[in-house]
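Residue strings, one per chain:
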Amino acid sequence: MFNKSRLKVARQRAGLTMRELASRVGIEPRTVTGYEAGEYLPSDDVARKFARVLGFPLEFFMADDLDIPLVEGVSFRSMSKMTARQRDGAIAAGAVAFLLSDWLDGEFDLPDADLPDMREELPQTAAAGLRDYWGLGNRPIKNTVHLLELKGVRVFSLGEDGKEVDAYSLWRGARPYVFLNTQKSAERSRFDAAHELGHLVLHKHASPNGLEAEKQANEFAAAFLMPEAPLRAVGRVSGLPKVVQLKQEWSVSVAAMAYRLHEIGLLTKWNYQQIFVEISRRGWRTAEPSPIRREQSQIWQKVLSEVRRDEELGLVGLSQLLSLPEAELAKLLFGLVTVGVPSAPRREPITPPRGQLRLVK
């Protein structure tokens, strides 16, 4: 039977309003509203038109209900910058990611979530406490995405157009999720990952939205990525070259490092203002000096390697198994899927053996 929730998700992933979809399919807008409300079902011909216009296989619309993230349970970095269309598309990406995640849980043994509930802690105290809990000490974190995956967080990329669509996170039962915008610099994406981690540990059982929640997550991220003790050991900083050196050591943006040094009293207000003027003049607010390599998912690199080795499955087979366009896989998996490159066709339904993936620190 045609599934109303899947029609809504596919429409939002395509970035279309109900009126726009109706126009492209050649039906009345009120009719699309009725389909999404479950008031009645589309004919086979209309269902095929939906599949063609939205770019999803017809089988996608005939499967079980999707688990769709609730807006109030999602922490977006900046709701004010996004249009409703962009917000809905990003949330719909979460529903598609849940399909991938459920398949992953069924095929591989992966770590359970190991994130303590730190609601009662101040952000900077929580950041130091989590570093201690995970045994990180005060050394730089080499890869935030790998660390989150090691601790049971499902990390996906967002292939949305425009930097207005920021990162977001949520809890789905006992499993935490983080979605990262890959159009931002690698340094800013690392900060986004730490920011969302802050939401996950500070706001697990409360609404993560609002200015105060965002402020707390920012404070957590700064303290988590740039712990105070080793920075204080450096002493006072007066010039941009030292800020750039420290930015390279801790793999953060030059702006984030300057702000952190000023926050803990190692950069005077005057020096901080002058350094920010110079950062802006050099164009380093958008393009980092000595940029780092973008972080990718360790889990999905390993999973896709297994899939590519499976002659009966392949990437096309995975797409068919989940009734998802390969383009949707590519958007969620940090571009690790190459769309349009033929892979082994799937001949018969298969039940692959449960895999053993090992994540390393």
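The structure this text deals with has already been given above.
Residues numbered from 1 in each chain as written. Predicted model: local features only at pLDDT ≥ 70, side-chain atom pairs only at ≥ 80, totals over all residues. Heavy atoms only, no water.

Draft legend 1. Looking closely at the side chain of Glu214. With respect to the element layout, Glu214 can be found in helix 9 (residues 211–225). One polar contact links Glu214 to His195, side chain to side chain, over a distance of 3.0 Å. (Helix = DSSP H or I, 4+ residues; strand = E, 2+ residues; numbered from the N terminus. Polar contact = N/O pair within 3.5 Å; in protein donor to acceptor, adjacent residues only side chain to side chain.)

Draft legend 2. Representation of unusual backbone geometry. Despite not being glycine, Ser290 has its phi angle at roughly 50°, a positive value. Take Ser290: it is sitting in the loop between helix 13 (269–281) and helix 14 (298–309). A relative accessible area of 41% means that Ser290 is categorised as partly exposed. One non-glycine residue, Ser323, adopts positive backbone phi at about 55°. Its location among the elements puts Ser323 in the loop between helix 15 (314–322) and helix 16 (326–332). (Buried < 20%, exposed > 50% of the residue type's maximum accessible area, 1.4 Å probe, protein only.)

Draft legend 3. Focus on the environment of Ala223. Mapped onto the secondary structure, Ala223 falls in helix 9. As for Ala223 and Ala126, which are separated by 97 residues in sequence, their C-alpha atoms are 8.9 Å apart. Among all residues touching Ala223, those that are not within four sequence positions of it are Gln124, Ala127, Arg131 and Arg260. (Contact = heavy atoms within 4.5 Å.)

Draft legend 4. The arrangement of the pairing of strand 5 (residues 175–181) in detail. A large share of strand 5 lies buried, amounting to 7 of its 7 residues. As paired strands, strand 3 (residues 154–158) and strand 5 are joined by 5 bridges and run parallel to one another. Among the inter-strand pairings, Val155 is bridged to a residue of strand 5, identified as Val178. With 5 bridges connecting them, strand 4 (residues 168–172) and strand 5 associate as antiparallel partners. The residue bridging Tyr168 from the neighbouring strand is Phe179, located in strand 5. The hairpin turn running from strand 4 into strand 5, its antiparallel successor, is 2 residues long, and Gly173 in that turn takes a positive phi close to 65°. (Pairing = 2+ DSSP bridges.)

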